[in-house]
Amino acid sequence: MLQTTNLTLGPCRPSDRADFIDLERDSEVMHFLNGGAVDHESTDPNDVTFLMPRGTEPYVWTARRTVDDDFVGWFCLFPESEALAEIGYRLRRKFWGQGLATEGAAALVGWGFETAGYDRIVACTMSVNGGSRRVMEKIGMRHARTVPVGAAHLPGSEHGEVWYELARSAWTARCSG
């Protein structure tokens, strides 16, 4: 478990499934991933390019408000190798703009460097997703590259996908400075 000022993050559980699916049914939450709400009648979680957790994924952490246990969203720190992990997150709209994405992401990045032993953590989003980019920047990540999106099916995808990264040494310097 990870505890922040406002959040409790813990490994996801099957009992989180309904909350995860509700996130995917929100067209604004899914805008930059799917262009809108996920149609669960016709979408197989194994056939999409984005994560659709169901409560059994080993690298997904459920975020709840500490004060009342209200479901905030989820964070993921997926290992790409022993030294590299990719962070992702998805929050309920009612919690946007409150700093909770930054708070949860920073906690998980700290855990990734200090406990899991990663040397570098990366993240990506569509170039036009200003909210997610701000979270990445607030936790100390820096823009590394912009790449074209293969299938330009979402508005703004013509601007590409941006990748951000953070090295353990930069995290350590930031935390001690």
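Residues numbered from 1 in each chain as written. Predicted model: local features only at pLDDT ≥ 70, side-chain atom pairs only at ≥ 80, totals over all residues. Heavy atoms only, no water.

**A short note on the overall build of the protein chain**
If you tally the helices and strands in the protein chain, you get five helices and eight strands. Listed N to C, the secondary structure of the protein chain is β-β-α-α-β-β-β-α-β-α-β-β-α in terms of helices and strands. Expressed as a percentage of its 177 residues, the buried residues of the protein chain come to 43%. Entry remark: accessible area of the protein chain is about 9200 Å², with carbon and sulfur atoms responsible for 49%. (Helix = DSSP H or I, 4+ residues; strand = E, 2+ residues; numbered from the N terminus. Buried < 20%, exposed > 50% of the residue type's maximum accessible area, 1.4 Å probe, protein only. Areas by Shrake-Rupley, 256 points an atom, 1.4 Å probe, with all protein chains shown as cover.)

**Focus on the sheet that holds strand β4 (residues 71–79)**
As summarised here, the arrangement of the eight strands in space is β1-β2-β3-β4-β5-β6-β8-β7, forming an open sheet in which the pairing is mixed. If you trace the sheet from one side to the other, it starts and ends with β1 (2–3) and β7 (142–147), each paired once. Sitting on the sheet, helix α1 (residues 17–24) touches β3 (60–65), β4 and β5 (84–91), and the angle it makes with β4 is about 95 degrees. Here helix α3 (residues 100–114) sits on the sheet in contact with β1, β2 (7–11), β3, β4, β5, β6 (120–126) and β8 (161–167), set at roughly 30 degrees to β4. (Pairing = 2+ DSSP bridges. Contact = heavy atoms within 4.5 Å. Axes fitted to C-alpha atoms, helices over the stretch in contact; angles between N-to-C directions.)

**What to know about the state of the cysteines**
All chains considered together, the criterion is met by zero disulfides. Cysteine C12 is unpaired, with the sulfur of C76 as its nearest cysteine sulfur at 8.8 Å. (Disulfide = S-S within 2.5 Å.)

Bear in mind that shape data such as this cannot, by itself, settle questions of function.
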